[in-house]
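If you want the building blocks of each chain, they are given just below.
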2 protein chains.
Amino acid sequence: MIAATPEPPYVAVLFTAERIVGDDEVYDRTAEELRALAARQPGFLGVESAGATFEITISYWSTDEHARQWKQVAEHLAAQRLGREHWYRHYRVRVAQVRRDYGT
Amino acid sequence: MIAATPEPPYVAVLFTAERIVGDDEVYDRTAEELRALAARQPGFLGVESAGATFEITISYWSTDEHARQWKQVAEHLAAQRLGREHWYRHYRVRVAQVRRDYGT
């Protein structure tokens, strides 16, 4: 569940969202498909996701350019539009450079 | 729920953990106390948390030095020890510099 990221530095895309409840089947299927698609993109390092009505998803990328490329993948653009129009009351995306990490 | 962070740059501390279920009352009370304590620290910008058995908590800080100070606050050190010894199977902390953000 915890992403097996390499030694920093690398890029983290922090997506946090307040969900509108409903349409959960389409949402869950889309989320699963996007996860599989992201895993095949160049520079993908891992993804972590938690929560339901308040959701946090963090995807990890080798470089900022890889993160930008993923944002522009067609299926991802379509999901972003569905998210803005149907699924999320509010959302925020923050792009960050990971500088150090530790844990067990 | 989404933290009202200022314009980047600022620092994000990404905490992701695989929880051991049990002892939830102490855990929940400690989490609530830490959240209130963090909000009174210098440089605190906000916190977002989601999930249960897999938890993601992101705290936001003005500078890396503020994030380091929070790590050393006594009550927080005590909670970190409880986490390592009782609550978490695995956890990872990643410290990152937020460079840009967008959303609605």
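Look up a bit, the structure's there.
Rules used in this analysis
Residues numbered from 1 in each chain as written. Chains lettered and ligands numbered in written order. Predicted model: local features only at pLDDT ≥ 70, side-chain atom pairs only at ≥ 80, totals over all residues. Heavy atoms only, no water. Core = buried A, V, L, I, M, F, W, Y, C linked by side-chain atoms within 4.5 Å. Buried < 20%, exposed > 50% of the residue type's maximum accessible area, 1.4 Å probe, protein only. Contact = heavy atoms within 4.5 Å. Axes fitted to C-alpha atoms, helices over the stretch in contact; angles between N-to-C directions. Helix = DSSP H or I, 4+ residues; strand = E, 2+ residues; numbered from the N terminus. Parallel < 35°, antiparallel > 145°, perpendicular 65-115°, else oblique. Left-handed = near helix turned anticlockwise from the far one by under 90°. Nonpolar A, V, L, I, M, F, W, Y, C, P; charged D, E, K, R; others polar. Polar contact = N/O pair within 3.5 Å; in protein donor to acceptor, adjacent residues only side chain to side chain. Pairing = 2+ DSSP bridges. Arc of directions from axis to C-beta. Phe/Tyr/Trp six-rings, centres within 6.5 Å; stacked < 30°, edge-to-face > 60°. Lys NZ or Arg CZ within 6 Å of the ring centre and 35° of its normal. Buried area = accessible area lost by both parts, 1.4 Å probe. Salt bridge = Lys/Arg side-chain N within 4 Å of Asp/Glu carboxyl O.

A. Expanded view of the nonpolar core. Core analysis: the biggest nonpolar cluster contains 24 residues, and A:Leu14, A:Ile58, B:Leu14 and B:Ile58 have the highest contact counts within it. Not counting residues within four places of it along the chain, the set of residues in contact with B:Leu14 comprises A:Ala12, A:Leu14, A:Ile58, A:Tyr60, B:Thr57, B:Ile58, B:Arg92, B:Val93 and B:Arg94.

B. Summary view of the packing of helix α1 (residues 24-38) of chain A against helix α3 (residues 74-87) of chain A. Residues and elements named next belong to chain A. Interaxial distance between α1 and α3 falls to 11 Å at its minimum, and their mutual angle equals 150 degrees. Viewed along their axes, α1 and α3 adopt a mutual orientation that is roughly antiparallel. α3 is crossed by α1, and the crossing has left-handed handedness. Along the contact surface, α1 presents Val26, Tyr27, Thr30, Leu34 and Leu37, while α3 presents Glu75, His76, Ala79 and Trp87. Its residues placed into classes, the contact of α1 with α3 shows six nonpolar, two polar and one charged.

C. Representation of the side chain of A:Arg19. All names here are of chain A. Secondary-structure assignment places Arg19 in strand β1 (residues 10-19). Of note is the side chain of Arg19, whose polar atom sits 2.7 Å from the side chain of Asp24. Residues in contact with Arg19, not counting those within four places in the same chain, are Asp24, Tyr27, Ala52, Thr53, Glu55, Trp87, Tyr88 and Arg89.

D. Up close: the pairing of strand β3 (residues 54-61) of chain A. Residue and element names in this part refer to chain A. Within β3, eight of the eight residues are buried, leaving the element largely enclosed by the surrounding structure. Here β3 shows two buried faces, one formed by Phe54, Ile56, Ile58 and Tyr60 and the other by Glu55, Thr57, Ser59 and Trp61. Strand direction decides the pairing type here: β1 and β3, joined by eight bridges, are antiparallel. Looking across to β3, one finds that Ala12 is bridged to Tyr60. Where strand β2 (residues 44-51) and β3 come together, seven bridges link them in antiparallel fashion.

E. Broad picture of helix α2 (residues 64-71) of chain A. Residue and element names in this part refer to chain A. Residues His66, Ala67 and Trp70 constitute the buried set of α2. The arc enclosing the buried residues of α2, seen along the axis, measures out at 100 degrees, which places them on a common side. Against the buried residues of α2 lie β1, α1, β3 and α3.

F. Unusual backbone geometry, seen in detail. With an omega of 10 degrees, the peptide bond running from A:Pro8 to A:Pro9 counts as cis. Structurally, A:Pro9 can be placed in the segment before β1.

G. View of the packing of aromatic side chains. What the rule picks out here adds up to 16 aromatic pairs over all chains. Look at B:Phe15 and B:Tyr88: their rings are 5.2 Å apart centre to centre, the planes differ by 65 degrees, and that puts the pair in the edge-to-face class. Here the residue B:Phe15 occupies a position in strand β1 (residues 10-19), and B:Tyr88 occupies one in strand β4 (residues 88-103), the gap between them amounting to 73 residues. Both rings, one in B:Tyr27 and one in B:Tyr88, keep their centres 6.2 Å apart while their planes meet at 85 degrees; by these two values the pair is edge-to-face. Of this pair, B:Tyr27 sits in helix α1 (residues 24-38) while B:Tyr88 sits in strand β4, and the two are 61 residues apart along the sequence. The residues B:Tyr27 and B:Tyr88 share a single accessibility class, namely buried. Aromatic rings pair up to connect A:Phe15, A:Tyr27, A:Trp87, A:Tyr88 and A:Tyr91 into one cluster. Here the guanidinium or amino end of A:Arg19 rests over the ring plane of A:Tyr27, the centre of that ring lying 3.6 Å away.

H. Highlighting the interface of chain B and chain A. Tallying the contact residues gives 37 residues for chain B and 37 residues for chain A. Where chain B abuts chain A, roughly 3800 Å² becomes buried across the two surfaces, and 57% of that area is made up of carbon and sulfur atoms. Sorting the residues of chain B by area buried against chain A places B:Arg94, B:Arg100 and B:Tyr102 first, and these three jointly supply 20% of that buried surface. Our count for the contact surface shared by chain B and chain A stands at six salt bridges. Measuring nitrogen to oxygen at the nearest pair gives 3.1 Å for the salt bridge that ties B:Arg92 to A:Asp101. Linking chain B to chain A there are 30 residue pairs in polar contact (both at pLDDT 80 or more). Of all the secondary structure elements, the ones that give two or more residues to the side of chain B that touches chain A are β1, β2 (44-51), β3 (54-61), α2 (64-71) and β4 of chain B. Considering every element that reaches the side of chain B that touches chain A, the biggest residue donor is β4(B), with 15 residues.

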